[in-house]
Amino acid sequence: MTAALRALAGAAAALMIGVLAGVTARVLMRLVAVVAGGETGFSLSGSLAIVALFVVAMLPGAVALGLGRRRTGAVLLWTGAALLLFQSAVIPLQEDRAALFGAGTVTTVLAVVLLLSFPALVLAQTVATARAARLLAARLVPAAPRAEATVGAAR
């Protein structure tokens, strides 16, 4: 039962942080489209898919960290982050680059700031998910006292 609670703690961390990061990414995407002068409509299915991607990318690593598998969890989290970073590089390439970077200094600076926000968001999500998974797992299932701690207390 302890392992199940720890895995659940990791999943909860991935869900909480992933939803927050996914919604933030969706807003950033909308802002990039506004700056580019493109279509700015939100589709519910597209927005849900983005949020789901941000949750699913972190889920395996967060569960592993919840279970106390630090190295495995770190590798899985950073693999998920790499997937999200790749997507954050590919998606802006679909926008009209001439509209983003050719409409004046203010538009170009705003576009650069928005595009650099995606990697910062992914890195922040990865770190926050790792911390939340470890903290939730520790709170739900406190670590058992070590053997030397109980032996010293008997004296």
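Basis of the calculations
Residues numbered from 1 in each chain as written. Predicted model: local features only at pLDDT ≥ 70, side-chain atom pairs only at ≥ 80, totals over all residues. Heavy atoms only, no water. Helix = DSSP H or I, 4+ residues; strand = E, 2+ residues; numbered from the N terminus. Buried < 20%, exposed > 50% of the residue type's maximum accessible area, 1.4 Å probe, protein only. Contact = heavy atoms within 4.5 Å. Areas by Shrake-Rupley, 256 points an atom, 1.4 Å probe, with all protein chains shown as cover. Polar contact = N/O pair within 3.5 Å; in protein donor to acceptor, adjacent residues only side chain to side chain. Axes fitted to C-alpha atoms, helices over the stretch in contact; angles between N-to-C directions. Parallel < 35°, antiparallel > 145°, perpendicular 65-115°, else oblique. Left-handed = near helix turned anticlockwise from the far one by under 90°. Core = buried A, V, L, I, M, F, W, Y, C linked by side-chain atoms within 4.5 Å. Expected span 1.5 Å × (residues − 1). Nonpolar A, V, L, I, M, F, W, Y, C, P; charged D, E, K, R; others polar.

**Q** Go over the overall build of the protein chain, please, and point to the residues and values.
**A** Looking only at helices and strands, the protein chain features 6 helices and 0 strands. Here the protein chain holds 155 residues, and the buried ones make up 35% of them. For the protein chain, the share of sequence-separated contacts (at least 6 apart) that also reach a separation of at least 24 residues comes to 75%. For the protein chain, the computed accessible surface area is about 9100 Å², with 70% contributed by carbon and sulfur atoms.

**Q** So what about the side chain of S88? Which residues, and what values?
**A** Structurally, the position occupied by S88 is in helix α3 (residues 70-93). For S88, a relative accessible area of 11% puts it in the buried group. Among the polar contacts listed, one links the side chain of S88 to the backbone oxygen of L85, at a separation of 2.8 Å. Once residues within four sequence positions are removed from consideration, S88 is found in contact with F118 and P119.

**Q** Tell me about the packing of helix α1 (residues 2-36) against helix α2 (residues 44-66), residues and numbers included.
**A** Contact geometry for α1 and α2: axes closest at 7 Å, N-to-C directions at 150°. Between α1 and α2, the angle falls in the class roughly antiparallel. The hand of the α1/α2 crossing is right-handed.

**Q** Provide a residue-level description of the environment of L53, including the pertinent values.
**A** If you trace the backbone, L53 turns up in helix α2. The sequence separation of L53 and V19 amounts to 34 residues, and the corresponding C-alpha distance is 9.4 Å.

**Q** Which residues make up the nonpolar core, and what values do they have?
**A** If you look at the biggest cluster of nonpolar residues, it comprises 27 residues, and the most contacted ones within it are A25, F54, M58, L84, F118 and L121. Going through the elements one at a time, α1, α2, α3 and α5 (105-140) are the ones with two or more residues in this core. For L121, the contacting residues outside a window of four places in its chain are A21, T24, A25, L28 and F54.

**Q** Let's hear about α1: which residues, and what values?
**A** Between its first and last C-alpha atoms α1 spans 50 Å; for 35 residues at 1.5 Å apiece the expected length is 51 Å, and the two agree. Downstream of α1 by a residue or two, G37 has a phi angle that is positive, lying close to 75°.

**Q** Got a sec to walk through the packing of α1 against α5? Specific residues and values, please.
**A** Running from amino to carboxyl end, α1 crosses α5 at an angle of 170°, the nearest separation of the two axes being 7 Å. One way to sum up the angle between α1 and α5 is to call them roughly antiparallel. Taken together, the residues of the contact of α1 with α5 break down into 26 nonpolar, 7 polar and 1 charged.

**Q** So, the side chain of R26: which residues are in play, and what are the values?
**A** Along the chain, the position of R26 falls in helix α1. Excluding anything up to four places from it in sequence, R26 contacts G41, F42, S43, S47 and I50.

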